[in-house]
Protein chains: 2
Amino acid sequence: MTPGEGAPKDFAALRAAIAQRAEQLPKRLMQIAGYALENPDEIAFGTVASIAASADVQPSALVRFARALGYQGFTDLQDVFRSRLRDRVLNYDERLAKLRDHGVATSQSGLVLDGFLEASERSIAKFREKVDHEAIDNAVTILAAAHTIYLIGLRRSFPIASYMSYAMGKLGVRNILVDAVAGMGAEQASFMTAVDAALAISFAPYASQTVALTDAAKSRGARIVTITDSVFSPLASPADALIEVSEADFEGFRSMATTMAVAMTLCVAVAARRGES
Amino acid sequence: MTPGEGAPKDFAALRAAIAQRAEQLPKRLMQIAGYALENPDEIAFGTVASIAASADVQPSALVRFARALGYQGFTDLQDVFRSRLRDRVLNYDERLAKLRDHGVATSQSGLVLDGFLEASERSIAKFREKVDHEAIDNAVTILAAAHTIYLIGLRRSFPIASYMSYAMGKLGVRNILVDAVAGMGAEQASFMTAVDAALAISFAPYASQTVALTDAAKSRGARIVTITDSVFSPLASPADALIEVSEADFEGFRSMATTMAVAMTLCVAVAARRGES
DNA sequence: GCTCCAGTGGAATTTTTGTTCTATTTCTAG
DNA sequence: CTAGAAATAGAACAAAAATTCCACTGGAGC
């Protein structure tokens, strides 16, 4: 048999071929087509078995799919998905070269810096792909409707909360930064009423005080907006709007780039929403 | 054996580990180290046999290399190279396509969010090009030598200072967050001595109190490290080390992504430097 | 209602791949 | 110059993977 005759050689052609032939394809093969277009990275890196499991098909179906598109086997198809990633990295090698030219590699702190810059970039790129815009819109709606916004963020999340307090102050949005200074957190939270909203920010390992303050806010009838790293967070269940942010890390230190951008967004969007009415 | 103990988990950390240990590595392993840094894609996609052939070594040498870095086997090492490709930042065309798919442009808050994410990315990219590594190294040297580090950052810079206080605390680096709560800033600063160092963070418009506190620190003999946005900043002249960070902005709100990354770098690098001696 | 066949699932098979083992070479130190 | 240790190459092995095969299902057409 002539190997790979008429099979798309680059990713763009492959995508076109899939889109074109999708209708005539059998059910299970169409299911694979959809999965492949939505999870190209999975195809590029996974094994037949792992992909089959995650796409909920049989391994043999994947091979049939590749054959149907004209490839000799699944491996040939996978090569196309891999080459797509190869091409994308062109500017990365340039960056590496640049780093070497500048002699970064020799400096300890240069490597650390580059690690954090890269973690920030990864965070942002990843977040871009899986933002839940609806959740953010909901959050803005809730916060814009609140009389006073109570900002709850301790330990690692405190910088975020304090930034928001500063920015909202500048924008004329009434807010209270619930801090633990002098142990007054509980008292501050007790001022909340049903016309207010609380913005709780917490990441694993979740500070117990943040959870307690948020629950208190909930029980006083305030609407709750949460920024956290997973839907399994203890802050998820009391939340009326949940914004999920998972930051990349370098050597165990998580970036804050995305969380900061989300914080800024909320401040500006809330102020804008209020300005409209 | 505990699997993967102490092995770098992301690519940046791996690169740092390789660069650091390169000298002590045996000849053949060093050859692999060089090849790996120059052909990361090959490592990510290739098989042990194919990589070995292309790097002109034996397959077993690759396994030894992975082991030497603390991984359980070559596969673990390869995973790091793959993960780097997984969430690589998208190029401009792909990003545009994604924007179109997700219909971001329709939502008000989506536009704002995208603006801030982009400002963060621009900040990071720009900073990468004009970092002064020497300045950062100087800063680390000064801070690592200090008995106590006084963190001076008010208003917009307060989130940075408070993050550093938190991180340094975690890392066992003695520090004092000079805050303006109860107007005690001046008193706190008056505790400084010549064996201490001050880290002053300020951006235009420079808070006068930050400048005053920094000058006070200088006059008490403390070494001064400064993070600011220009060499014309009032914080520039008293500085023993000056790190220049100019953030991109969206609608007048400046990103904090780069400053945060620099802050994290200083914390980790100072702790590491102290750990060495 | 029966037949036929494309489509499918799952196990069997074969190929590929990572890893381990050991003889040999290459350094290092006395 | 020699003994010992570290490093290496290459082949052998075991694990994992892709692929093939075959029995079965569910419709379409007669």
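Residues numbered from 1 in each chain as written. Chains lettered and ligands numbered in written order. Predicted model: local features only at pLDDT ≥ 70, side-chain atom pairs only at ≥ 80, totals over all residues. Heavy atoms only, no water.

**Considerations on the pairing of strand β1 (residues 149-153) of chain A**
Residue and element names in this part refer to chain A. Within β1, 5 of the 5 residues are buried, which leaves the element mostly enclosed by the surrounding structure. On β1, burial covers both faces: I149, L151 and G153 on one face and Y150 and I152 on the other are all buried. Alignment of β1 against strand β2 (residues 175-178), held across 4 bridges, turns out to be parallel. Bridging across to β2, L151 finds its partner in L177. Since β1 and β2 lie parallel, the crossover through helix α10 (residues 158-171) that links them has a hand, and here it is right-handed. Alignment of β1 against strand β3 (residues 197-202), held across 5 bridges, turns out to be parallel. Bridging across to β3, Y150 finds its partner in A198. (Buried < 20%, exposed > 50% of the residue type's maximum accessible area, 1.4 Å probe, protein only. Helix = DSSP H or I, 4+ residues; strand = E, 2+ residues; numbered from the N terminus. Pairing = 2+ DSSP bridges. Right-handed = clockwise from strand over helix to strand, strands pointing away.)

**A closer look at the environment of L117(A)**
Among the secondary structure elements, L117(A) is positioned in helix α8 (residues 108-130). Aside from chain neighbours lying at most four places away, what touches L117(A) is I124(B), F127(B), R128(B) and A261(B). (Contact = heavy atoms within 4.5 Å.)

**Regarding the pairing of strand β5 (residues 241-244) of chain A**
Residue and element names in this part refer to chain A. Burial along β5 is one-sided: the face carrying A241 and I243 is buried and the face carrying L242 and E244 is not. In this structure, strand β4 (residues 223-228) lies alongside β5, joined through 4 bridges in parallel fashion. Counted as the bridge partner of T228 is E244 from β5.

**A closer look at the packing of aromatic side chains**
Applying the stated criterion to the full structure yields 10 aromatic pairs over all chains. A ring pair is formed by F116(B) and F250(B), whose centres lie 5.1 Å apart and whose planes are at 75 degrees; its orientation type is edge-to-face. With F116(B) in helix α8 (residues 108-130) and F250(B) in strand β6 (residues 249-250), this residue pair connects regions lying 134 residues apart in the sequence. For the pair formed by F116(B) and F250(B), the shared burial category is buried. Judged by centre distance (6.5 Å) and plane angle (50 degrees), the ring pair of Y163(B) and Y166(B) falls under tilted. Placement of both Y163(B) and Y166(B) in helix α10 (residues 158-171) is noted, with a separation of 3 residues, approximately one turn of the helix. What links up through ring pairs into an aromatic cluster is the set F116(A), F250(A) and F253(A). A cation over a ring is seen here: R156(A) above F203(A), with NZ or CZ 5.1 Å from the ring centre. (Phe/Tyr/Trp six-rings, centres within 6.5 Å; stacked < 30°, edge-to-face > 60°. Lys NZ or Arg CZ within 6 Å of the ring centre and 35° of its normal.)

**Comments concerning the protein's contact with DNA strand C**
Around DNA strand C, the surrounding shell holds 14 residues, and the nearest of these are R28(A), Q58(A), V48(B), R67(B) and F74(B). At 3.5 Å, a backbone N or O of K27(A) approaches a phosphate oxygen of DNA strand C. Residue R67(B) places a side-chain N or O atom 2.7 Å away from a phosphate oxygen belonging to DNA strand C. Going through the elements one at a time, α2 (27-38) and α5 (59-68) of chain A together with α4 (48-55), α5 (59-68) and α6 (74-86) of chain B are the ones with two or more residues in the surface near DNA strand C. The class makeup of the residues in the surface near DNA strand C is 4 nonpolar, 6 polar and 4 charged. (Near = heavy atom within 4 Å. Polar contact = N/O pair within 3.5 Å; in protein donor to acceptor, adjacent residues only side chain to side chain. Nonpolar A, V, L, I, M, F, W, Y, C, P; charged D, E, K, R; others polar.)

**Re the nonpolar core**
Judged by nonpolar contacts, the single largest core of 101 residues is most densely connected at M164(A), L266(A), M164(B) and L266(B). Excluding residues within four positions of it along the chain, M164(A) makes contact with L151(A), L199(A), I201(A), A263(A), L266(A) and C267(A). Ranked by size, the runner-up nonpolar core spans 56 residues in total, among them I32(A), A52(A), A33(B) and F65(B). (Core = buried A, V, L, I, M, F, W, Y, C linked by side-chain atoms within 4.5 Å.)

**Here we look at the protein's contact with DNA strand D**
Residues in close proximity to DNA strand D total 16 residues, the closest being V48(A), R67(A), F74(A), R28(B) and Q58(B). Near-protein atoms of DNA strand D (within 4 Å) split between backbone and bases, with sugar and phosphate holding 76%. One of the side-chain N or O atoms of Q58(B) is found 2.4 Å from a phosphate oxygen in DNA strand D. S60(B) places a side-chain nitrogen or oxygen 3.2 Å from a base oxygen of DNA strand D. Of all the secondary structure elements, the ones that give two or more residues to the surface near DNA strand D are α4 (48-55), α5 and α6 (74-88) of chain A together with α2 (27-38) and α5 of chain B. Among the residues forming the surface near DNA strand D, the class breakdown is 6 nonpolar, 6 polar and 4 charged.

**Let's talk about helix α1 (residues 11-21) of chain A**
Residues and elements named next belong to chain A. Turning to α1, its buried residues are F11, L14, A17 and I18. Angularly, the buried residues of α1 cover 120 degrees about the axis, an arc narrow enough to put them on a single face. Away from the buried face of α1 by more than 90 degrees, exposed residues A19 and Q20 are located. N-capping of α1 is provided by D10, with a side-chain oxygen placed 3.2 Å from the backbone N of A12. (Arc of directions from axis to C-beta.)

**Digging into the side chain of T226(B)**
Residue and element names in this part refer to chain B. Residue position: T226 is located in strand β4 (residues 223-228). Given the relative accessible area of 0%, T226 is considered buried. Every residue in contact with T226, bar those within four places of it in the chain, is listed here: L199, A200, L235, A239, A241, L242 and I243.

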